[in-house]
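Tertiary structure, described
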Amino acid sequence: MTEPVTITERVSVVIPGLERPYTFLHISDTHITHAYENDSDAGKALAEKQAHAWNQAGIFPVDAFANVLEYADETKPDAILMAGDVVDYYTESNVRYLGEMLSACKTECLYVPGNHEYAGNATFDDMRATLSPLMKGTPDFWVRDFGAFVIVGVCDGTYRFTAEQVEKLKAVIAQGKPILMMLHLPIRSDVLSPYVAKSWWGSDVTIGGTFHGTDEPTEEFLALVKSEESRVAAIFAGHLHYDHAGEFAPGRMQYVSAPAFTRFVREVSVIPG
Ligand SMILES: [Fe+2]
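Read on for a plain summary of the structure. What you see is a predicted model, and the numbers here were worked out from it, not measured in a lab.

A short note on the coordination of the iron ion
Metal coordination angles in their ideal form are 109.5 degrees for the four-donor tetrahedron and 90 or 180 degrees for the six-donor octahedron. At 2.0 to 2.3 Å from the iron ion lie its protein donor atoms, namely Asp29 (OD), His31 (NE2), Asp85 (OD) and His241 (NE2). Around the iron ion sit four donor atoms, and with donor-metal-donor angles ranging over 91 to 171° the site reads as irregular. Spacing between the donor residues of the iron ion along their common chain follows D-x1-H-x53-D-x155-H. Taken as a pair, Asp29 in the loop between strand S2 (22-27) and helix H1 (41-53) and Asp85 in the loop between strand S3 (79-82) and helix H3 (92-104) lie far apart in primary sequence, 56 residues in all.

Things to note about H3
What sets the pattern is the α-helix's 3.6 residues per turn: residues three or four places apart point alike. Relative to the 18 Å expected for 13 residues at 1.5 Å per residue, H3 spans 18 Å between its end C-alpha atoms, a close match to the ideal helical length. By the burial criterion, the buried members of H3 are Ser93, Asn94, Val95, Leu98, Gly99, Met101 and Leu102.

Re the sheet that holds strand S8 (residues 232-237)
Spatial ordering of the open sheet is given by S5-S6-S7-S8-S10-S9, a layout of six strands whose pairing is mixed. Both outer strands of the open sheet, strand S5 (141-145) and strand S9 (244-249), are each paired with one neighbouring strand and no more. Taken over all neighbouring pairs, the strand axes of this sheet differ in orientation by 20° on average, direction set aside. In this sheet, strand S7 (residues 179-182) lies alongside strand S6 (residues 150-154) in parallel orientation, the contact comprising four bridges. Note on S7: the bridge partner recorded for Gly153 is Met182. Along the sheet, helix H5 (residues 163-174) makes contact with S5, S6 and S7, crossing S5 at roughly 15°.

Brief notes about the pattern of salt bridges
This structure, assessed with the given rule, holds 14 salt bridges. Between Arg10 and Glu267 there is a salt bridge whose closest N-O contact spans 3.1 Å. Pair noted here: Arg10 is in strand S1 (residues 9-15) and Glu267 is in strand S11 (residues 266-272), with a separation of 257 residues, a long-range link. According to the relative accessible area criterion, Glu267 is buried, its value standing at 15%. Lys44 is the salt-bridge partner of Glu37, the closest N and O atoms lying 3.8 Å from each other. Note on Glu37: relative accessible area 71%, which makes it exposed. We classify Lys44 as partly exposed; its relative accessible area is 27%. Three or more residues are tied together by salt bridges with common partners; here these are Glu108, Lys136 and Arg144.

The rules we used
Residues numbered from 1 in each chain as written. Predicted model: local features only at pLDDT ≥ 70, side-chain atom pairs only at ≥ 80, totals over all residues. Heavy atoms only, no water. Donors = N, O, S within 2.8 Å, 3.2 Å for Na, K, Ca; no water. Tetrahedral: all angles 85-135°; square planar, octahedral: opposite > 155°, others 65-115°. Helix = DSSP H or I, 4+ residues; strand = E, 2+ residues; numbered from the N terminus. Expected span 1.5 Å × (residues − 1). Buried < 20%, exposed > 50% of the residue type's maximum accessible area, 1.4 Å probe, protein only. Pairing = 2+ DSSP bridges. Axes fitted to C-alpha atoms, helices over the stretch in contact; angles between N-to-C directions. Contact = heavy atoms within 4.5 Å. Salt bridge = Lys/Arg side-chain N within 4 Å of Asp/Glu carboxyl O.

Shown next as structure tokens:
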């Protein structure tokens, strides 16, 4: 039984020269779980336990997620931006169930992995192999071209950017189109980092922040994203389990979604300048 979805927040991103406006729904941290009839008792118990743990707004995660998918099919945004932790932990059952939900959805879903996609019984290779079809075949870095702009999805669920991701970003930047970037963990910024450190996280858990530390490729990636030449117009992330909107560079916003299991849905209008 689905319930009506209320848009929690509406934001706009200006892209000069756009021929028509675009609409996206930005969600993150749905943390869905599912066990099938033939799953082990332990598997069923874990799925049930976690479904209850994340029922913090009078709704189970799978139902909150189903509501968003149905809302999208009714209102027809250009895509749903799913910014990671879509499944609560990696199991074949969780991913299979997610795949079934997404294939029943008529709206395009753009998906980057979160740290929870890596949590479970699997190796990274297992995770990548199973989730890849839902992430354009390349969970680490993918590009969706909308003509006047691109959406780039980058995996930062392992708390770092890699040298390969730096090179791929450089190649996209060379195309010269404005970029909307999807991440799971938000990036370090003068606005967000002190805020996160003072929150219940107790430390700056952004990418490049003090908690997870940093390295050369991560710093290079961050510098590229923040540079004006990159044309990264906005970032859409999750992970913090509270919402945030603040500049990651002058005039350019980083949007963090609160968990979709708390019914948080951000509508993003991409409009001509
Ligand atoms: Fe999460």
